[in-house]
Amino acid sequence: MPDELSERVYHGTDAASAESIARDGLNYDARRAAAGGAGPDPKGFSVTTNPGTAAAWARYRAGERGGPPTGVVLEADAARLPLRSGGPDEWTDVDEWFIATEDFPQVGPGVFR
Amino acid sequence: MGFLELTLYKHPSGVAFDPSKVIAKARAAFPEATFIPGDQAAAEAQRAEVFLAEELREDPHGPARTVVASLRRKAKSYGPSFAFTIPVAGSKPIRGLARSVAVGFHFQEPLPVPIRERLYGFLKCLGVGFLEVPKEGGKTHDIVADLRGSSDCLRDGPGVPWLKPAAPATTEVG
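Residues numbered from 1 in each chain as written. Chains lettered and ligands numbered in written order. Predicted model: local features only at pLDDT ≥ 70, side-chain atom pairs only at ≥ 80, totals over all residues.

A. Structural context of the overall build of chain B. Helix and strand counts for chain B stand at five helices and seven strands. The linear arrangement of helices and strands in chain B, starting from the amino end, is β-α-β-α-α-α-β-β-β-α-β-β. Counting only C-alpha atoms, chain B reaches 65 × 45 × 35 Å along its principal axes. Looking at the 174 residues of chain B, the share that counts as buried comes to 36%. For chain B, the share of sequence-separated contacts (at least 6 apart) that also reach a separation of at least 24 residues comes to 61%. (Helix = DSSP H or I, 4+ residues; strand = E, 2+ residues; numbered from the N terminus. Buried ≥ 20, exposed ≤ 12 C-beta atoms within 10 Å, placed from the backbone. Contact = placed C-beta atoms within 7 Å.)

Now the structure itself:
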């Protein structure tokens, strides 16, 4: 878990998912549809403070789902997001923060670019 | 799009599904379904390791390692993940997914009431968990039932695999 939150956070994904997130905001149903056979992370929508990690996620998701091979790294102003860090019993990756599923309606169109 | 899901994430029961038992029940309930062999979450982590192999070689502790480690942890925490599809006449198939953390169905188009009732019935017969449906056009979800009955589809042994074990208490010395 990061010690402190940077001003910008990043999310790497394939181009189609990135377009949907930027255009419509976070959507629980669309996220489930994109997750495929492994299913979504039930704790919520993950972001990272490390743009390099986001770029690696973008390349992998693009390779898995199609579209431009670099994928897309979305970014957002951390102050505009209802971010949470992992609780004491909750696993998170290095530099990972997340938006809980119940907070998705707070993240509308244009928040991620 | 739409979904129906029975989730144990943050459910007070403190139990986890055994996806193999859920799939056995699904085979009986949906004989027309096609079951995809293997743990899909573990397979995803393996695909990532192959796809990012060059980056992992060049920078063994870099961002690619974070991605692979994250997928492996999620496969272990929420999996195994068994997928299946249920055909629907004149429509795209329903996607089913059984994980230790949740069992659910995802569909592209509105479902006829009898099919929807079958899916509801199957999830309710699993006995325990929050039954969730889409809300606000799918932006979020609503809990329509909190099942707290018995279930014959649970993992043996205490605890749930998606919770991080508590750190051991430290004792002051001296």
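Still to come is the rest of the account.
B. Spotlight on the packing of helix α3 (residues 51-65) of chain A against helix α4 (residues 63-78) of chain B. Here α3(A) crosses α4(B) at 60°, and the two axes come no closer than 8 Å. Considering the angle they form, α3(A) stands oblique to α4(B). When the axes of α3(A) and α4(B) are compared, the crossing they make is right-handed. Residue-level inspection shows Gly52(A), Thr53(A), Ala55(A), Ala56(A), Trp57(A) and Tyr60(A) of α3(A) in contact with α4(B), the latter providing Pro63(B), Ala64(B), Thr66(B) and Val67(B). Residue classes in the contact of α3(A) with α4(B) are distributed as seven nonpolar, three polar and no charged. (Axes fitted to C-alpha atoms, helices over the stretch in contact; angles between N-to-C directions. Parallel < 35°, antiparallel > 145°, perpendicular 65-115°, else oblique. Left-handed = near helix turned anticlockwise from the far one by under 90°. Nonpolar A, V, L, I, M, F, W, Y, C, P; charged D, E, K, R; others polar.)

C. Molecular detail of the nonpolar core. If you look at the biggest cluster of nonpolar residues, it comprises 65 residues, and the most contacted ones within it are Leu74(A), Val67(B) and Val103(B). Here this core gets seven residues from one element, more than from any other, and that element is α3(A). Look past the residues within four positions of Val67(B) in its chain and what remains in contact with it is Ala56(A), Trp57(A), Tyr60(A), Ala48(B) and Leu52(B). (Core = buried A, V, L, I, M, F, W, Y, C linked by C-beta atoms within 7 Å.)

D. Geometry of the interface of chain B and chain A. Taken together, the contact between chain B and chain A spans 39 residues of the former and 29 residues of the latter. Elements with a minimum of two residues in the side of chain B that touches chain A: β1 (2-7), α2 (40-51), α4, β5 (102-107) and β7 (140-148) of chain B. Ranked by residue count, the leading element in the side of chain B that touches chain A is α4(B), at nine residues. When the residues that make up the side of chain B that touches chain A are grouped by side-chain class, the tally is 19 nonpolar, 11 polar and nine charged.

E. Local environment of the pairing of β1(B). Residues and elements named next belong to chain B. Burial analysis of β1 places five of its six residues in the buried class, which makes it a mostly covered element. Bridge analysis of β1 against β5 gives six bridges, and the strand direction is antiparallel. From the neighbouring strand, Thr7 faces β5, where its bridge partner is Ala102. The pairing of β1 with strand β6 (residues 128-135) spans three bridges and is classified as antiparallel. Bridging from a neighbouring strand, Leu6 pairs with Leu131 of β6. (Pairing = 2+ DSSP bridges.)

F. Focus on the environment of Ala22(A). All names here are of chain A. Note that Ala22 resides in helix α1 (residues 15-24). The exposure class assigned to Ala22 is partly exposed, which follows from the 16 C-beta atoms found within 10 Å. Spatially, the C-alpha atoms of Ala22 and Val107 are 9.8 Å apart, while their sequence positions differ by 85 residues. Contacts of Ala22, omitting those with residues within four sequence positions, involve Leu74, Gly110, Phe112 and Arg113.

G. Broad picture of the sheet that holds β6(B). All names here are of chain B. Reading across the sheet, the seven strands line up as β2-β3-β4-β5-β1-β6-β7 and stay open at both edges, with antiparallel pairing between neighbours. Of all strands in the sheet, those bounded by a partner on one side alone are β2 (34-35) and β7. Along the sheet face, helix α1 (residues 19-29) touches β2, β3 (82-88), β4 (91-98) and β5 and points at about 145° away from the line of β4.

H. Representation of unusual backbone geometry within the structure. Residue and element names in this part refer to chain B. Put simply, Gly79 and Pro80 share a cis peptide bond, and its omega is -5°. Secondary-structure assignment places Pro80 in the loop between α4 and β3. Here the phi dihedral of Lys10 falls at roughly 65°; this positive angle occurs in a residue that is not glycine. Position of Lys10 among the secondary structure elements: in the loop between β1 and α1.

I. Molecular detail of α2(B). The terminal C-alpha atoms of α2(B) lie 16 Å apart, and with 12 residues this matches the ideal 16 Å at 1.5 Å per residue to within 8%. Along α2(B), the positions that sit buried rather than exposed are Gln40(B), Ala41(B), Glu44(B), Ala45(B) and Ala48(B). In a view along the axis of α2(B), the buried residues occupy a sector of 145°, so they form one face of it. Structurally, α2(B) contributes buried residues whose contacts are with α3 of chain A together with α4 and β3 of chain B. (Expected span 1.5 Å × (residues − 1). Arc of directions from axis to C-beta.)

J. Structural view of α1(B). All names here are of chain B. Every buried residue belonging to α1 is among Pro19, Val22 and Ala26, and all of these are buried. Burial along α1 is one-sided: seen end-on, the buried residues are contained in an arc of 55°. Among the exposed residues of α1, those pointing more than 90 degrees away from its buried face are Ser20, Arg27 and Ala28. Buried-residue contacts for α1 involve β3, β4, β5 and α5 (113-125).

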